[in-house]
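# Examination of the molecular architecture
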Amino acid sequence: MKFRVYKRKILILALVVCLLLLLIWNRLHWDTREVNTRFDAALMVEEKESGTPKSSQELESLPYNNPLELRNAVYQNNLQLTVLNREKFHQQPELVLVVQVQGGTSNLRILIESLQQSPDIDRVLLIFSLEQLSHDITHLIQRVDFCQVLQIFFPYSLQLYPLEFPGQDPQDCPRDISKEEALKRRCKNADYPDSFGHYREAQFTQSKHHWAWKLHFVWDHVLVNTNYTGPVFFIEENNFLLPDFYHLSKLMTDLQKQKYPDCHILSLGSHEPAELDSDVARKVDIMGWTATKHKMGIGLSREVYNSIMQCLSAFCTYDDYNWDWTVQHISAQCLSRPLKVMVPRLARIYNIMDCGAKQCDLGTKEKNMRRVLESARRSLFPTSLSIGLSQIAVPQRPHTKNGGWGDVRDHSLCQSYSKL
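Residues numbered from 1 in each chain as written. Predicted model: local features only at pLDDT ≥ 70, side-chain atom pairs only at ≥ 80, totals over all residues. Heavy atoms only, no water.

Let us now look at the side chain of Ser 267. Assignment of secondary structure puts Ser 267 in strand β7 (residues 265–267). A residue is classified by how much of its surface remains accessible, and Ser 267, at 0% relative accessible area, is buried. Polar contacts involving the side chain of Ser 267 include one to the main-chain carbonyl oxygen of Gly 269, which spans 3.0 Å. Excluding its chain neighbours within four sequence positions, the residues that come into contact with Ser 267 are Met 252, His 294, Met 296, Gly 297, Ile 298, Val 341, Met 342, Val 343 and Pro 344. (Helix = DSSP H or I, 4+ residues; strand = E, 2+ residues; numbered from the N terminus. Buried < 20%, exposed > 50% of the residue type's maximum accessible area, 1.4 Å probe, protein only. Polar contact = N/O pair within 3.5 Å; in protein donor to acceptor, adjacent residues only side chain to side chain. Contact = heavy atoms within 4.5 Å.)

So, in structure tokens, the structure goes:
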């Protein structure tokens, strides 16, 4: 008799549990559908010949003020990898250009205008890697109709994690307190100050995280099943490019393959000014890669990417919040050979913020871009390249550690990108 009662109770309990699980599944399924519907309405542009973007009203439907829903939307976008304007430009891209976008539209608009001036821009796959979702930025990008366009979103940004790691957790240690005081307060990262005794600041660590993530994501997800064999060029939203950047990149790639296979990186320009003469536009130098000179517009092949991956631990644990100084460190201390770069005497890439004014407003930026373009216009589109300086032996430059990257959570997250 007792056995029958217990059996009946067990059956009833099992039935209740099944009903609860069914209700939870339906709720989660409905939430996911709701998020996907919002995101699709805002970002998934139909691949039409006209390339017309969705209206700003549809972009408003993104859950900008809800970090959890926004994370789901970002995940869906990065999973689907919808390329805009594909129906308009049928050919396979001959160059991949990745733009790291931190936020704001004024600099990004100038960059897009400069790209549009290139006569070969229709051969480019233009990838925008965004740290911040906003309808203004997304709407500006969706209006680009001169080449294939892909939007990807850095999934560990401060916008998505405003009050928890990798954002700034309120229970993290303040930057300038001593380790002794941090241990007394028992703040989360008390054991992990940087080399200078400071604790992490999320607004500074984000850029290195974003750079490392997009390097992995572009090579191992976007391009993994394609026939693309060329370099991927990485630029930032505060750059602008001269009209022959594509033409120059092709000449440099051919020269590298034919005569300088030991040259690892292609660069569209350095920070050093060049004397404008009839021959400067066709001269390139081969030298050791230096963070202070060659970080703008670098082109990396898959082979170089794979080499950097072999030094992933050294990259992710080196106490410097700057990705470029970190690359210089692994060049000197980890790679089998220090990195060499091929760089043109006449830069094809410039920093919009280098406008020679205390207040670098939009008008000053645009005026500066036009001035640079006019001064270089007659020297562009060389028919061939010649070597100026060629360093056979590249010195291993002593590295400079800037700190800001002592937290083991940053180390672990950085190393996890290759496994995503």
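UniProt's feature table lists "binding site: substrate" (unreviewed entry) at Gln 206, Ser 207, Lys 208, His 209 and His 210, given in the numbering used throughout. Tracing the sequence through the fold places His 210 in helix α7 (residues 202–222). For His 210, the contacting residues outside a window of four places in its chain are Gln 100, Val 101, Ser 129, Leu 130, Glu 131 and Phe 154. (UniProt positions renumbered as here; feature names shortened; annotations may be inferred.)

One open sheet accounts for ten strands, arranged β1-β4-β3-β2-β5-β9-β7-β10-β8-β12; its pairing is mixed. Edge strands, defined here as strands with exactly one partner in the open sheet, are β1 (83–84) and β12 (386–390). Two elements, strand β3 (residues 124–130) and strand β4 (residues 148–153), share six bridges in a ladder whose sense is parallel. Of the residues in β4, the one forming a bridge with Ser 129 is Ile 152. The sheet contacts of helix α5 (residues 135–142) involve β1, β3 and β4, and relative to β4 the element is tilted by about 160°. (Pairing = 2+ DSSP bridges. Axes fitted to C-alpha atoms, helices over the stretch in contact; angles between N-to-C directions.)

Enumeration according to the criterion identifies three disulfides in this entry. Here Cys 173 is linked by a disulfide to Cys 187, with a sulfur-sulfur distance of 2.0 Å. A torsion of 95° about the S-S bond marks the disulfide between Cys 173 and Cys 187 as right-handed. Here Cys 173 is found in the loop between β4 and α6 (179–185), whereas its partner Cys 187 is found in the loop between α6 and α7, with 14 residues between them in sequence. Considered together, Cys 173 and Cys 187 belong to a single accessibility category, that of buried residues. One disulfide in the model links Cys 316 with Cys 414; its S-S distance is 2.1 Å. Across the disulfide from Cys 316 to Cys 414, rotation about the S-S bond amounts to roughly -65°, and the bridge is consequently left-handed. Here Cys 316 is found in helix α11 (residues 312–317), whereas its partner Cys 414 is found in helix α14 (residues 408–416), with 98 residues between them in sequence. Per residue, the accessibility class of Cys 316 equals that of Cys 414, and both read buried. (Disulfide = S-S within 2.5 Å.)

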